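Architecture at a glance
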Amino acid sequence: MRFSAKFAGALLGLATAGLLVAPVAAQAAPAVNADEVVKALGLASEPADYVVLVDTSGSMNQGGRYPAVRSQLRQLISGLDSDDRLSLLTFDSSVTRRYRGVVGTNPEIILAKLPATAAGNHTDIGAAIAGGLEELERSDTHRLTALILITDGELDTVPGAKYAKVGSAAWKTLSTRATTLA
């Protein structure tokens, strides 16, 4: 099931949950799945690129955030199609690409690339976004893309870092790059 099938499945779910309402005579709902809806509507399916940026600074350990992120990532990856591509980057004072490739059928292989604990000293969110944009700017990027940033939101760069001040020229350049990709 591809990106468009997921959208059709969400619509089907809304319809069967009674959230899309139209007056009709009462009758039993037919048993269909999202793949059947996509096929019946003649929707084309295609793989997507997902870029996930995960904060691994020490503050992510507070309140069990990092273990929760790992658990939620497992669910996210399991919900993607096996031929979707995933780029997994971690960031603290620097950005590290942990994985880039097709999702496949075993999310544990991808999750094993993450550090066991979040132990970084700083949180350079701007550098993380720049790294994510680099992944999306590659010539082999699919038409359908998503950039997912997972952080506790505490901007704490190394003193004098390029992205230390939100609103700086470096941040404006990030905004322009993101707009160009959109």
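Residues numbered from 1 in each chain as written. Predicted model: local features only at pLDDT ≥ 70, side-chain atom pairs only at ≥ 80, totals over all residues. Heavy atoms only, no water.

Details of helix α3 (residues 65-79)
We count it as follows: Secondary structure elements follow DSSP: runs of H or I no shorter than four residues count as helices, runs of E no shorter than two count as strands, and numbering proceeds from the N terminus. Expected span of a helix: the number of residues minus one, times 1.5 Å. Relative accessibility decides the category of a residue: with a 1.4 Å probe and only protein chains considered, values under 20% of the type maximum give buried, values over 50% give exposed, and everything between is partly exposed. Relevant arc is that of directions from the helix axis to the C-beta atoms, nothing else. Should any heavy atoms of two residues lie within 4.5 Å, those residues are counted as being in contact.
Given a rise of 1.5 Å per residue, 15 residues ought to cover 21 Å, and the 21 Å separating the end C-alpha atoms of α3 matches this to within 8%. Every buried residue of α3 is listed here: Tyr66, Val69, Leu73 and Ile77. Viewed along the axis of α3, the buried residues span an arc of 65°, placing them on a single side of the element. Those residues of α3 hidden inside the fold are in contact with β1 (48-55), β2 (85-91), α4 (107-111) and β4 (144-150).

Quick notes on the nonpolar core
Where we set the bar: We call a set of buried Ala, Val, Leu, Ile, Met, Phe, Trp, Tyr and Cys residues a nonpolar core when their side-chain atoms join them within 4.5 Å.
By size, the foremost hydrophobic cluster in this structure holds 19 residues, and its most contacted members are Val54, Leu73, Leu86 and Leu88. Every element with two or more residues in this core is listed here: β1, α3, β2 and α4. Those residues in contact with Val54 that lie beyond four places of it in its chain are Tyr66, Val69, Leu73, Leu88, Leu89, Thr90, Phe91 and Ile150. Leu89, Leu136, Ala170 and Leu174 belong to the second-largest nonpolar core, a separate cluster that totals 15 residues.

Re the packing of helix α5 (residues 125-136) against helix α6 (residues 169-181)
Keep this limit in mind: Helix axes are fitted to C-alpha atoms over the stretch in contact, other axes to C-alpha atoms as well, and angles between N-to-C directions run from 0 to 180 degrees. Between 65 and 115 degrees an angle is taken as roughly perpendicular, under 35 as roughly parallel, over 145 as roughly antiparallel, and anywhere else as oblique. Throughout, a crossing is termed right-handed when the near helix is turned clockwise from the far one, and left-handed when it is turned anticlockwise from it by less than a right angle.
Relative orientation of the contacting elements α5 and α6 amounts to 30°, with a least axis distance of 10 Å. Considered as vectors, α5 and α6 are oriented roughly parallel to each other. Viewed along their axes, α5 and α6 form a crossing whose handedness is left-handed. Taking contact as the criterion, the partners of Ile125, Gly126, Ile129, Ala130, Leu133, Glu134 and Leu136 in α5 are, on α6, Trp171, Leu174, Arg177, Ala178 and Leu181.

Focus: the pairing of β1
In the case of a regular strand, side chains alternate between the two sheet surfaces. Using the following cut-off: In short, DSSP must find at least two bridges between two strands for them to pair. Whether a crossover is right-handed comes down to one check: with the strands pointing away from the viewer, does the path from the first strand over the helix to the second run clockwise; if it does, it is right-handed.
Among the eight residues in β1, eight count as buried, and that is most of the element. Bridge analysis of β1 against β2 gives seven bridges, and the strand direction is parallel. Looking across to β2, one finds that Asp55 is bridged to Phe91. Running through α3, the crossover from β1 to the neighbouring parallel element β2 is right-handed.

Structural notes on the packing of aromatic side chains
To describe a pair of aromatic rings, one takes the distance between the centres and the angle between the planes. Convention followed: Classification of ring pairs uses Phe, Tyr and Trp, with its six-membered ring standing for Trp, and accepts pairs whose centres are within 6.5 Å; under 30 degrees between planes counts as stacked, over 60 as edge-to-face, and the remaining range as tilted.
Taken as a whole and assessed by the stated rule, the structure comprises one aromatic pair. Centroid distance Tyr163 to Trp171: 5.9 Å. Interplanar angle 85°. Geometry classified as edge-to-face. Judged on exposure class, the residue Tyr163 and its partner Trp171 are both buried.

Remarks on the sheet that holds β4
Strands sit in the order β3-β2-β1-β4 across an open sheet of four strands; the sheet is mixed. Among the strands making up the open sheet, the edge pair consists of β3 (95-102) and β4. Between one strand axis and the next, the sheet turns by 10° as a mean value, whatever way the strands run. Sheet strands touched by α3: β1, β2 and β4. Its angle to β1, the strand with the most contacts, is close to 175°.

Some thoughts on the environment of Ala130
Among the secondary structure elements, Ala130 is positioned in helix α5. Classification of Ala130 by relative accessible area gives buried; the value is 8%. Sequence-wise, Ala130 and Val95 are 35 residues apart; in three dimensions their C-alpha atoms are separated by 9.2 Å. Filtering out sequence-adjacent residues up to four positions away, Ala130 remains in contact with Tyr163, Leu174 and Arg177.

Points about α5
For α5, with twelve residues, the first-to-last C-alpha span of 17 Å sits near the 16 Å given by 1.5 Å per residue. Across the twelve residues that make up α5, a large majority, eleven, are buried. Those residues of α5 that are buried are in contact with β1, β2, β3, β4 and α6.

Purely spatial values, then, with no claim about function.
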